[in-house]
Amino acid sequence: MTLYQQFSQVLDEQQVMHGKLIVGFSGGMDSRVLLRLAARYCKQHSIACLAVHVHHGLSANADEWQIHCERWAKEEAVEFVCERVILAKDSGDSLEQLARQARYQALCQHIENGDLLLTGQHLDDQAETMLLALKRGSGPKGLSSMASSMAFSLGTLVRPLLNATRRDIERYAQQQQLQWVEDESNTDTRFDRNFLRQNVLPVLSQRWPSFAHAASRSARLCAKQEQLLKELLLPELEASLTEFQGLNITTMLLHSDLKREQLLRLWLDINTSLMPTEVQLGKIWQEVALARADANPALSLAGGSIRRSNGELHWVATCADVSSWKQEWLGKTSLELPDNLGTLTLVDLTNGEKMTLERQTLTGELHVSFNPEGLSAHPYGRAGSRKLKKLFQEHNVPSWQRRRMPILMLDNKVVAVANLFVDKAFYGSDCELVWDK
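Residues numbered from 1 in each chain as written. Predicted model: local features only at pLDDT ≥ 70, side-chain atom pairs only at ≥ 80, totals over all residues. Heavy atoms only, no water.

S.K.: Let's hear about helix α4 (residues 95-108): which residues, and what values?
M.R.: For α4, spanning 14 residues, the distance from its first C-alpha to its last is 20 Å, which sits close to the expected 20 Å at 1.5 Å a residue. Three or more residues of α4 are buried, namely Leu 98, Ala 99, Ala 102, Tyr 104, Ala 106 and Leu 107. (Helix = DSSP H or I, 4+ residues; strand = E, 2+ residues; numbered from the N terminus. Expected span 1.5 Å × (residues − 1). Buried < 20%, exposed > 50% of the residue type's maximum accessible area, 1.4 Å probe, protein only.)

What follows is the structure, given as structure tokens:
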């Protein structure tokens, strides 16, 4: 089977209907071959194709690479875009990890519903990934390495060359008389992957020529085991989930340590792509779930943190601080809230829910805020006024959500806290405050 036939078979299985192909195009040999294959496939199937080049600025040659990539995309009649990224080098993460995260974040910006993002990893890359997972002490999930396809952003990430060797790709590039860029950092063995590529895999492959194929087979078996484990445990996980996708600690206490650990992994896998270490997993249970009753425990992980509230564990993704955000609002059209927090709308009364208001009381300067500091309200249906802090506690609103709930204000008075209550002075029967998240 030719390389193009392998590529086509993988793409045909994805059944591209309405989306486009997006090629992660670094300009190296693998992605240059990928671009040629994708351009040919798109031409045959009348599919749009986009090449996205991510400019990390790490090499003195980066500007030159961008020029080459744009020229090659033009030769293939493929639309080209360059995304420039800046790496937070003082974050503590490795340069490899920072570059990878920035690359995928940049690619995400171009993915729409039904799109396929194509990347050029191959069989030898899979073997390297598995050896790196062994070095980290990963379990079956880590050893399953890279999937040939997976849901990603609004589309699907596909690695159509994963069953091809580096030699297969090099042979195709030479046959097609392709040009590509050589990243000088690929020979720097201070980077773990380069060390494996330069010093370890050649020795293993010389002793065992089928090593990369065997490693790939082991990765597939680990992936199947993980999928089966997920299938068997999913009903028990669902029985432990609360209304807002938290984990009920009392229910989790009923399980053995081993099952509870696997349920925690499965729950985190649903919420974040970066798995905790074995040590971190133990801390989630011992230092967060089982912390003293009056504590407000938290454990920071990549991309967010684990928090506890009202007998539940919650994954709290890292988000922007919106407590200083303030916006005037006439109430006639929907108000777009910051940081993907949805919209607020005043609609004609439909079902008599608790968020009902009287329009004639809303005469003045309306605005929306997220800062409850120093504010008080008198919710309709209860006696007396209380600080918003106390009202949040009464409604069991977790501490990390209290500055992410929109507060509707009239001048300096609280009209309503979305989804919680309407102040007695503004309660009515002709409109309703709807927070669409």
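S.K.: So what about the domain arrangement of the protein? Which residues, and what values?
M.R.: Under the domain assignment, the protein is made up of domain 1 (3-219), domain 2 (244-317) and domain 3 (326-436). Centre-to-centre, using C-alpha coordinates, domain 1 lies 33 Å away from domain 2. (Domains from an automatic or database assignment.)

S.K.: Could you give an account of the side chain of His 314, with specific residues and numbers?
M.R.: Mapped onto the fold, His 314 is located in strand β10 (residues 312-317). Under the relative-accessibility criterion, His 314 is labelled buried at 9%. Of the polar contacts made by the side chain of His 314, one reaches the side chain of Glu 312; its length is 2.9 Å. Once residues within four sequence positions are removed from consideration, His 314 is found in contact with Thr 242, Phe 244, Gly 246, Trp 267, Ser 305, Ile 306, Arg 307, Ser 309 and Trp 400. (Polar contact = N/O pair within 3.5 Å; in protein donor to acceptor, adjacent residues only side chain to side chain. Contact = heavy atoms within 4.5 Å.)

S.K.: Summarise the pairing of strand β5 (residues 149-152); cite the residues concerned and give the values.
M.R.: When β5 meets strand β6 (residues 155-158), the two strands line up antiparallel, connected through four bridges. Along β6, the bridge assignment pairs Phe 152 with Gly 155. Linking β5 to β6, which pair antiparallel, is a turn of two residues; within it Ser 153 sits at a positive phi near 55 degrees. (Pairing = 2+ DSSP bridges.)

S.K.: How would you summarise the environment of Val 288 if you had to cite specific residues and measurements?
M.R.: Note on placement: Val 288 falls in helix α12 (residues 278-289). Counting along the chain gives 117 residues from Val 288 to Arg 171, while the straight-line C-alpha distance between them is 54 Å. Not counting chain neighbours up to four residues away, the residues in contact with Val 288 comprise Lys 283, Pro 297, Ala 298, Leu 299, Ile 306, Arg 307, Arg 308 and Leu 313.

S.K.: Quick rundown of the packing of aromatic side chains? Include the residues and the values.
M.R.: Per the counting criterion, the structure on display carries five aromatic pairs. Ring centres of Phe 7 and Tyr 41 lie 6.0 Å apart, and the angle between their planes is 75 degrees; this geometry places the pair in the edge-to-face category. With Phe 7 in helix α1 (residues 3-14) and Tyr 41 in helix α2 (residues 29-45), this residue pair connects regions lying 34 residues apart in the sequence. In this structure, Phe 7 and Tyr 41 share a single accessibility class: buried. On the basis of an interplanar angle of 65 degrees and a centroid distance of 5.6 Å, the ring pair of Tyr 104 and Phe 152 is categorised as edge-to-face. Of this pair, Tyr 104 sits in helix α4 while Phe 152 sits in strand β5; the two residues are 48 residues apart in sequence, bridging distant segments of the chain. By the ring-pair criterion, three or more aromatic residues cluster together here, those being Tyr 4, Phe 7 and Tyr 41. Seen from the ring of Tyr 4, Arg 40 lies directly overhead, with NZ or CZ sitting 3.8 Å from the centre. We note Lys 437 situated over the ring of Trp 435; from NZ or CZ to the ring centre the distance is 4.5 Å. (Phe/Tyr/Trp six-rings, centres within 6.5 Å; stacked < 30°, edge-to-face > 60°. Lys NZ or Arg CZ within 6 Å of the ring centre and 35° of its normal.)

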